[in-house]
Amino acid sequence: MSTRDKRPTSLRRGLLVRMTAVFAVLLVIIAVLLWNYSRGAANRTYDLLLAGAALSILETVSSSDREITVDLPHSALDILSLAPDDRVFYAVTSDGGLLTGQEDLPRPPTEASTEPKFFDETFGDTRLRGAAQSRRISTPEGRRWVTVHVAHTTLARDYHALSLFILGLGGVGLVSVIGLGFVWVAIRTALQPLARIQGDLDARDPTDLTYLDIAPPREVAGLVSAINGFMHRLDHARRQSEAFMADVAHQTRTGLSALHGHLSMASDAEDLATMRRRLLRAEDQASRTTRLTNQLLSHAMVIHRAENQTMSNVDLQPLVRGLLSEMLRDTVFRTINVEFDDAGLAGAAAEIRGDQISLREALRNVIENARRHGPPENTIIVRLATKGDSVVVEVEDEGPGLSPELRAVALERFKSLNDDTKGSGLGLAIVKEVADAHHGAVALSSGAKGGLLVRLTFPKAKPKPGGGTGKARRGLTSSAAALLVLLLVLVLPDEGRAEVGVLDIWSATDSEFMLPVVDDFKRRNPGFTVNYREFETSDLYAAMMDPDGEAPDVAVSSAMDLQVDLVNRGLALPLDMPESAWTSPWSVWRSELFGFTFEPSAVVYHRPSFAPDALPRTHADMAVFLRENENRFFGRVGTYDIRTSGAGYLLATQDAQLNPQFFRIAETLGRAGVRVFCCTTEVTSKAADGRLLLGLNVIGSYALAAAQENPDLGVHFYEDFNPVMLRSAFVPRTADDPDLGSRFVHYLLSPEGQRAIAEESGLLPIDPAYLPLSPAREVPSISQDTGRFVPIRLSVGLLTYLDRMKRESFLSNWETAIQDPAAGGR
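Being a predicted model, the structure only gives us computed values, none of them experimental. (Residues numbered from 1 in each chain as written. Predicted model: local features only at pLDDT ≥ 70, side-chain atom pairs only at ≥ 80, totals over all residues. Heavy atoms only, no water.)

(A) Layout of the sheet that holds strand 7 (residues 142-153). Strand order in this open sheet of five strands is 4-3-7-6-5, and the pairing throughout is antiparallel. For this open sheet the edge positions go to strand 4 (97-101) and strand 5 (117-123), each flanked by a neighbour on one side alone. Across the sheet, the mean angle separating the axes of adjacent strands is 30 degrees when strand polarity is ignored. Taken together, the seven bridges between strand 5 and strand 6 (residues 126-139) define a ladder with antiparallel strand orientation. By the bridge assignment, Thr-122 is partnered in strand 6 with Arg-127. (Pairing = 2+ DSSP bridges. Helix = DSSP H or I, 4+ residues; strand = E, 2+ residues; numbered from the N terminus. Axes fitted to C-alpha atoms, helices over the stretch in contact; angles between N-to-C directions.)

Okay, structure coming up:
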């Protein structure tokens, strides 16, 4: 494609593109700086949470006569829960030994300091940001350092940093776009002189090639000067073309006029000899006119092909041989000896970059010129050789040759130097045009025998880059494609392979309550079987913590704190809930743990033993009521054994946070000979037949379901507050079929699942829209909006009472209050 055919480029667009590139580079630099600032700002913000939590824990460290104790404050984990999606870890050490917390938490070796020191560590496959702060306390052995290590994952700070980065970068990007708009206006204004030059040129007559008469800016002065120079050269070329056309017209007109004259004189001849002589002159004139016409056409053809750059690699050796064979067939060469000498090639190729037709025409003109201007028995020698990076063609004859002063003139058009006017004056001019078009040179000199020696020199053709690399590359590409297809075949799943179709559910829920929901899920999603294993809450937690044990597809438990602990250890998969699923900020943690039932703690009682409305309305009233009726209730009040029951321990700790008189009631229960049980069903069954008069802090959904079957069992809720436990579920990372497990969790929170929970299971759904369909319809006051029922929030705050020292202290106080010295594991 020639330059004229290419799509013109825009100077304005080019400048704008370059300025945009500059803005982009600056934007990248600003983005790097902004990202570093955002990371620093996010770290500073969330490091305050770590420092606050560490200080809060340090303030509860104390020393007794026997050991250092830590009363882990609930506020410490509440502070860390301000980053709601982050997992939390802590450890309290003294002189390198663990007092409480997680033993495997990374603790970088640092010197004890009363100021918080922050660190970054990797825990498993999770990146942690932590803080370490120390305090010296006095012990019987002397003053000792106690260090608190607090860490959490970086989801919240990463999101915060990304938000700051996006907002900042968005503002910078907007300013950049506005700046580019001003740049565009500036470019258009600065390029107005070019528009004036364009207007001047567009308004000109086509024949007006005078100089541009404008005062351009300094940056455009060179362009104006170049345009003026070009117009000068164009005017010169036009004058030469006009002169050439005039010469052509003159030469053609002269030849035709001479021919016409000779023919006229021949027609006027009075005798045959005169007419014959005049006809011979006419024939000679016709021959010269024909030769001139052929030379003019040849010259025009050479110029046209030179302008169109029809170039390819041409080997001159076969070209010269073929041309000589063709010309020697002409009868005019019968008395002429033509020799071809290619010894100078020495076996090398005489390959140049050129146009084969133009080269043949140039060589034909040189040889024809040697024949025409040489003697009748002429010897023409054509030599072909290589010299360095050039290919040389020489044509030598035995003619009279040219004097040095005439050799330059001989290369001009219409400059025939023969006295007999046999030449047209275009032959060597065509040769020069061809040499110039091929970046070569033509030189005239004297031959060895005094004749003219014409030497043509052309640059050798450069070898094509790449050689055979293209085929090799294509072969390599084909091999890579074949390998890719093979890999895809190996790694793509086999559509025909049968799905396992087994849903393993581990649940700390009585099967009579959970299996109706599972059966409804199976009806809606046929094609699989269910393995349902029932656990106590503590046993389920222990099974999930076993690194060498099996893992279910779904883990369900009412012990919210144990569930949070398992998820906090990184055992759960994150799930994306559909829009139709019911979720709330207090019922979901990290998109990994999901509460699906609403189960308030309740008081059950033997209905025939109490008058209507005789039960206390508040927790304080209950303490007074039990204290005033100790003899009546002695040995006939039951509650959870919180040492063995996970749900019981959870309800007790949450009750203690909400009720300052929790241990006062426990002391009253102890004086009343309280009996402790593992689970709600034991308490409800004994209260239904009168062996127990009261059962405290039991699971409300189980109690309501039991009351529907036994009219002697009553269910009572306090009017001040009732902690609400959420039965929760998650999909373990090590599940055999996590897709099926996630489908089940989605179902539990879907309208269909919530309806099945309400109508078929006896449990209370978490979606308030379905509470009226559940056993809660017997107690209209059960609602999420009355304030009487306080949901226990799924958060890291639930880990507070799982702390070893905190748990031991709470259980010890509880055992002391209920006057039960027995010890037991949870």
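Still to come is the rest of the account.
(B) Quick look at the confidence of the model for the protein. For the protein, the average pLDDT comes to 83, and 87% of its residues sit at 70 or higher. Ranking the elements of the protein by mean pLDDT puts helix 11 (residues 469-491) last, at 46, and strand 26 (residues 728-730) first, at 97. Across residues 494-499 the pLDDT falls below 50, and counting only partners more than four positions away or on other chains, this stretch makes one contact in the model. Ignoring residues within four places in sequence, the model shows residues 821-826, a span with pLDDT below 50, making 21 contacts including any to other chains. (pLDDT = per-residue confidence, 0-100. Contact = heavy atoms within 4.5 Å.)

(C) Layout of the packing of helix 13 (residues 537-545) against helix 14 (residues 560-568). At a minimum axis distance of 10 Å, the contact between helix 13 and helix 14 shows a crossing angle of 5 degrees. In this view, helix 13 runs roughly parallel relative to helix 14, as classed from their interaxial angle. Contact residues: Thr-537, Ser-538, Tyr-541, Met-544 and Met-545 in helix 13; Leu-562, Asp-565 and Leu-566 in helix 14. Partitioned by chemical class, the residues of the contact of helix 13 with helix 14 number five nonpolar, two polar and one charged. (Parallel < 35°, antiparallel > 145°, perpendicular 65-115°, else oblique. Nonpolar A, V, L, I, M, F, W, Y, C, P; charged D, E, K, R; others polar.)

(D) Inspection of helix 7 (residues 316-327) at higher detail. Between its first and last C-alpha atoms helix 7 spans 16 Å; for 12 residues at 1.5 Å apiece the expected length is 16 Å, and the two agree. All of the buried residues in helix 7 are Leu-316, Leu-319, Val-320, Leu-323, Leu-324 and Met-327. When helix 7 is viewed along its axis, its buried side chains cluster within an angular range of 125 degrees and face the same direction. At the N-terminal boundary of helix 7, the capping side chain belongs to Asp-315, with an oxygen 3.3 Å from the backbone nitrogen of Gln-317. (Expected span 1.5 Å × (residues − 1). Buried < 20%, exposed > 50% of the residue type's maximum accessible area, 1.4 Å probe, protein only. Arc of directions from axis to C-beta. Polar contact = N/O pair within 3.5 Å; in protein donor to acceptor, adjacent residues only side chain to side chain.)

(E) Inspection of the side chain of Thr-639 at higher detail. As for its placement among the helices and strands, Thr-639 is situated in strand 21 (residues 637-640). In contact with Thr-639, other than residues within four places in its own chain, are Val-674, Arg-675, Val-676, Phe-677, Leu-696 and Asn-697.

(F) Spatial organisation of the pattern of salt bridges. Here the structure, examined in full by the defined rule, presents 29 salt bridges. Residue Glu-368 is joined to Arg-371 by a salt bridge in which the shortest nitrogen-to-oxygen separation is 2.4 Å. Here the residue Glu-368 and the residue Arg-371 both occupy positions in helix 8 (residues 356-373), the gap between them amounting to three residues, near one helical turn. Here Glu-368 matches Arg-371 in class, with each residue buried. Its salt-bridge partner being Lys-432, residue Asp-436 comes within 3.0 Å of it at the nearest N-O pair. Taken together, the residues Asp-436 and Lys-432, both in helix 10 (residues 427-437) and four residues apart, mark about one turn of the helix. On the basis of relative accessible area, Asp-436 is assigned to the partly exposed category, the value being 42%. Each of Asp-47, Asp-120, Arg-129 and Arg-157 takes part in one network of salt bridges that share partners. (Salt bridge = Lys/Arg side-chain N within 4 Å of Asp/Glu carboxyl O.)

(G) Structural context of the environment of Leu-279. Along the chain, Leu-279 turns up in helix 6 (residues 272-308). On the basis of relative accessibility, which here comes to 40%, the residue Leu-279 falls in the partly exposed class. Expressed as a C-alpha distance, the spacing of Leu-279 and Met-265, which sit 14 residues apart in the sequence, is 8.6 Å. Non-local contacts of Leu-279, meaning those with residues more than four positions away in its chain, are made with Leu-263 and Ala-266.

(H) Region of interest: the environment of Leu-650. When you line up the elements, Leu-650 lands in helix 17 (residues 646-658). Residues Leu-650 and Met-725 lie 75 residues apart in sequence; the distance between their C-alpha atoms is 8.4 Å.

(I) Spatial organisation of the packing of aromatic side chains. The final tally for this structure, using the stated rule, is 18 aromatic pairs. Taking 5.8 Å as the distance between ring centres and 85 degrees as the angle between the ring planes, the aromatic pair formed by Tyr-649 and Phe-810 counts as edge-to-face. Of this pair, Tyr-649 sits in helix 17 while Phe-810 sits in helix 23 (residues 804-818), and the two are 161 residues apart along the sequence. For the pair shown, Tyr-649 and Phe-810 are each scored as buried. These aromatic residues form a ring-pair network of at least three members: Tyr-649, Phe-662, Phe-663, Tyr-801 and Phe-810. (Phe/Tyr/Trp six-rings, centres within 6.5 Å; stacked < 30°, edge-to-face > 60°.)

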